[in-house]
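Secondary and tertiary structure notes
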Amino acid sequence: MRAPLPLLPSWAWLGLLLLLLGSGVSAQGGRYSREANQEPGGGGGGGGAPPAPLPAAEFRLARLDQLWGKARRLQLSAVKLAELHSDLKIHEKDELRWKKLKAEGLDEDGEKEAKLRRNLHVIMAKYGLDGKRDAQLGDTNYLKGGLENDVLDDPRLEKLWNKAKSSSRFSKEELEKLWREFRHHQEKVQDYNLFLETVSRTEDISKNVVDPLEAGGALKEELLHQKHRELKEKLQSIGQGFERLRRVSHQGYDPSSEFEEPRVIDLWDMAKLGNFTEQELESLREELKHFEAKVEKHHHYQKQLEISHEKLKHVEGTGEKEYLSRNQEKYAALEEKTKELGYKVKKHLQDLSSRISRGLQHNEL
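Residues numbered from 1 in each chain as written. Predicted model: local features only at pLDDT ≥ 70, side-chain atom pairs only at ≥ 80, totals over all residues. Heavy atoms only, no water.

Attention now moves to the overall build of the protein chain. Per the secondary structure count, the protein chain includes eleven helices and zero strands. Expressed as a percentage of the 365 residues in the protein chain, the buried residues total 38%. When the accessible surface of the protein chain is summed, it comes to about 23000 Å², and 54% of that surface belongs to carbon and sulfur atoms. (Helix = DSSP H or I, 4+ residues; strand = E, 2+ residues; numbered from the N terminus. Buried < 20%, exposed > 50% of the residue type's maximum accessible area, 1.4 Å probe, protein only. Areas by Shrake-Rupley, 256 points an atom, 1.4 Å probe, with all protein chains shown as cover.)

Mapped onto the elements of the fold, His91 is located in helix α4 (residues 78–103). Discounting residues that sit within four places of it in the chain, His91 has contacts with Leu64, Leu116, Asn119, Leu120 and Ile123. (Contact = heavy atoms within 4.5 Å.)

Inspection of the entire model under this criterion finds five aromatic pairs. For the pair Phe170 and Tyr253, a centre-to-centre distance of 6.1 Å together with 85° between the ring planes defines the contact as edge-to-face. Here Phe170 is found in the loop between α6 (155–166) and α7 (172–209), whereas its partner Tyr253 is found in the loop between α8 (217–251) and α9 (262–273), with 83 residues between them in sequence. Here a set of aromatic residues connected by ring pairs shows up, and it is made of Trp161, Trp179 and Phe182. Note that Arg156 overlies the ring of Phe242, its terminal NZ or CZ placed 4.3 Å from the centroid. Across from the ring centre of Phe195, 5.5 Å away, lies the NZ or CZ of Lys234, which sits over that ring. (Phe/Tyr/Trp six-rings, centres within 6.5 Å; stacked < 30°, edge-to-face > 60°. Lys NZ or Arg CZ within 6 Å of the ring centre and 35° of its normal.)

Attention shifts here to unusual backbone geometry. Excluding glycine, residues mostly have negative phi values, and the peptide bonds linking residues are mostly trans. The phi dihedral of Gln75 is positive, around 60°, even though this residue is not glycine. Within the element layout of this structure, Gln75 appears in the loop between α3 (62–73) and α4. Accessibility expressed as a relative area gives 71% for Gln75, which makes it exposed.

Tallied over the full model, the rule gives 26 salt bridges. Note that Arg246 and Glu243 form a salt bridge whose closest N and O atoms lie 2.9 Å from each other. Separated by three residues within a single helix, Arg246 and Glu243 lie in helix α8, roughly one turn from each other. Classification of Glu243 as partly exposed rests on a relative accessible area of 37%. For Arg285, the salt bridge identified is with Glu258, shortest N-O distance 2.5 Å. One end of the pair, Arg285, is in helix α10 (residues 278–316); the other, Glu258, is in the loop between α8 and α9, and 27 residues separate them in sequence. (Salt bridge = Lys/Arg side-chain N within 4 Å of Asp/Glu carboxyl O.)

When the pLDDT values of the protein chain are averaged, the result is 77; 73% of them are 70 or greater. With pLDDT under 50 throughout, residues 17–49 is counted as low confidence; its partners more than four residues away or in other chains account for 13 contacts. (pLDDT = per-residue confidence, 0-100.)

What follows covers the packing of α4 against α10. At their nearest, the axes of α4 and α10 sit 8 Å apart, and the two run at 135° to each other. For the element pair α4 / α10, the angle class is oblique. Note on element contacts: α10 touches α4 through His298, Gln302, Leu305, Glu306 and His309, opposite Ala78, Val79, Ala82 and Glu83. A breakdown of the residues in the contact of α4 with α10 according to their chemical character gives four nonpolar, three polar and two charged. (Axes fitted to C-alpha atoms, helices over the stretch in contact; angles between N-to-C directions. Parallel < 35°, antiparallel > 145°, perpendicular 65-115°, else oblique. Nonpolar A, V, L, I, M, F, W, Y, C, P; charged D, E, K, R; others polar.)

If you check α3, its first and last C-alpha atoms are 17 Å apart, about what twelve residues at 1.5 Å a residue would give, namely 16 Å. Leu64, Leu67, Trp68 and Ala71 are the residues of α3 that are buried. Angular distribution of buried residues about the axis of α3 spans 100°; they occupy a single face of the element. Of the exposed residues in α3, those oriented more than 90 degrees away from the buried face are Ala62, Gln66 and Arg73. Of the residues one or two after α3, Gln75 is the one with positive phi, at around 60°. (Expected span 1.5 Å × (residues − 1). Arc of directions from axis to C-beta.)

Attention shifts here to the environment of Ser166. With respect to the helices, strands and loops of the structure, Ser166 is situated in helix α6. Here Ser166 falls in the exposed class, since its relative accessible area comes to 62%. A polar contact of 3.1 Å, which involves the side chain of Ser166, links it to the backbone oxygen of Asn162. (Polar contact = N/O pair within 3.5 Å; in protein donor to acceptor, adjacent residues only side chain to side chain.)

A few words on the side chain of His348. Relative to the helices and strands, His348 is located in helix α11 (residues 321–364). Residues within four places of His348 in sequence aside, it is in contact with Glu287, Phe291 and Lys294.

Along the polypeptide, Lys188 turns up in helix α7. Its relative accessible area of 15% is what places Lys188 among the buried residues. When near neighbours in sequence (up to four residues on either side) are disregarded, Lys188 contacts Ser237, Ile238, Gly241 and Asp266.

What follows concerns the packing of α3 against α4. At their nearest, the axes of α3 and α4 sit 11 Å apart, and the two run at 175° to each other. Of the possible angle classes, the one that applies to α3 and α4 is roughly antiparallel. Of the residues in α4, those touching α3 at Arg63, Leu64, Leu67, Trp68, Ala71 and Arg72 are Leu81, Leu84, His85, Leu88, His91, Glu92 and Glu95. For the contact of α3 with α4, the class distribution of residues is seven nonpolar, two polar and four charged.

Turning next to α6. Between its first and last C-alpha atoms α6 spans 17 Å; for twelve residues at 1.5 Å apiece the expected length is 16 Å, and the two agree. What α6 keeps buried is the set Leu157, Leu160, Trp161 and Ala164. The buried residues of α6 all sit within an arc of 100° when viewed along its axis, so they share a single face. Exposed residues pointing more than 90 degrees away from the buried face of α6 are listed as Pro155, Lys159 and Ser166. Capping the start of α6, Asp154 holds a side-chain oxygen 2.9 Å from the backbone nitrogen of Arg156, two or three residues further along.

Spelled out as structure tokens, the structure:
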């Protein structure tokens with residue numbers, strides 16, 4: 001005869017039932033258990049690696065993060081990706097600052113918002129993210145030394161560049177430097193065209209809406225005049241830049257030239273036209289020399305990054321895991337340093353341009 005079950009309070013029976021059910025689920029696995037939801041060959045008792053965590057967002061603004069993802073899918077070069085990262089970081093900082101200003105009611109006319117939108121369009125065009133053209137501009141390959149696949153939109157620039165490439169007066173390093181000047185000039189033209197388009201749209205709206213006698217009409221008229229002054233400055237800079245490219249392409253570099261970096265040359269030419277004292281000009285000259293040294297350092301890291309990227313692709317084909325790991329670490333460190341330097345260069349350029357432009361505007365008043 002079987003012994004009767006011991007008398008237990010109801011709560012004890014409930015606990016025992018839950019314990020038995022729990023052990024059954026643990027033994028067999030359930031619909032929402034880790035084992036049931038793991039990919040084949042994943043972690044658990046099989047000893048495989050746990051699923052990789054989702055990558056953190058690279059940028060705080062979702063739109064910029066989407067652009068970054070698109071650029072990575074386009075498989076841009078390592079150098080170009082690092083450049084884009086710096087441009088987007090600068091833009092993100094400017095846009096977050098603008099959001100704060102807007103919340104405080106300090107962009108009522110929408111001028112700062114329009115400038116941000118135009119700057120983003122320039123970035124998208126520069127890296128082929130606007131869907132209009134391939135991202136060929138600026139894909140300088142430091143390893144191959146040849147710039148055979150480089151394309152320029154302007155036939156006049158293309159003619160000058162081909163003349164320079166076929167000339168014996170330029171060394172390899174000088175050709176790379178000259179290509180940076182051509183690239184910089186084309187970026188200025190792109191920026192001018194986008195700005196011109198924006199001003200034209202603003203004028204069309206103003207013709208139908210703005211009445212100088214109405215409240216705010218005079219302010220909008222003044223903003224239009226300011227945009228025209230900016231257009232004039234940009235066009236003048238493009239004209240001077242083209243003349244310089246024509247002169248250098250035909251005659252080669254002048255060894256007595258004070259600056260070599262095209263952006264620095266532009267800034268110095270602008271500064272000399274501005275309303276600066278001799279002491280202020282001398283101070284700017286020294287700062288531009290430091291800035292040019294920073295730019296050269298950035299170019300050095302860009303070259304090292306491209307060399308590291310080419311080496312990494314080679315090592316990936318060998319299958320040597322330890323050697324691959326070391327090269328991945330070196331590449332990641334170089335990539336981070338190149339991004340960091342790129343950001344500092346662009347931020348310094350932004351600050352210098354703003355200060356020198358204010359000097360130019362004060363000179364016109």
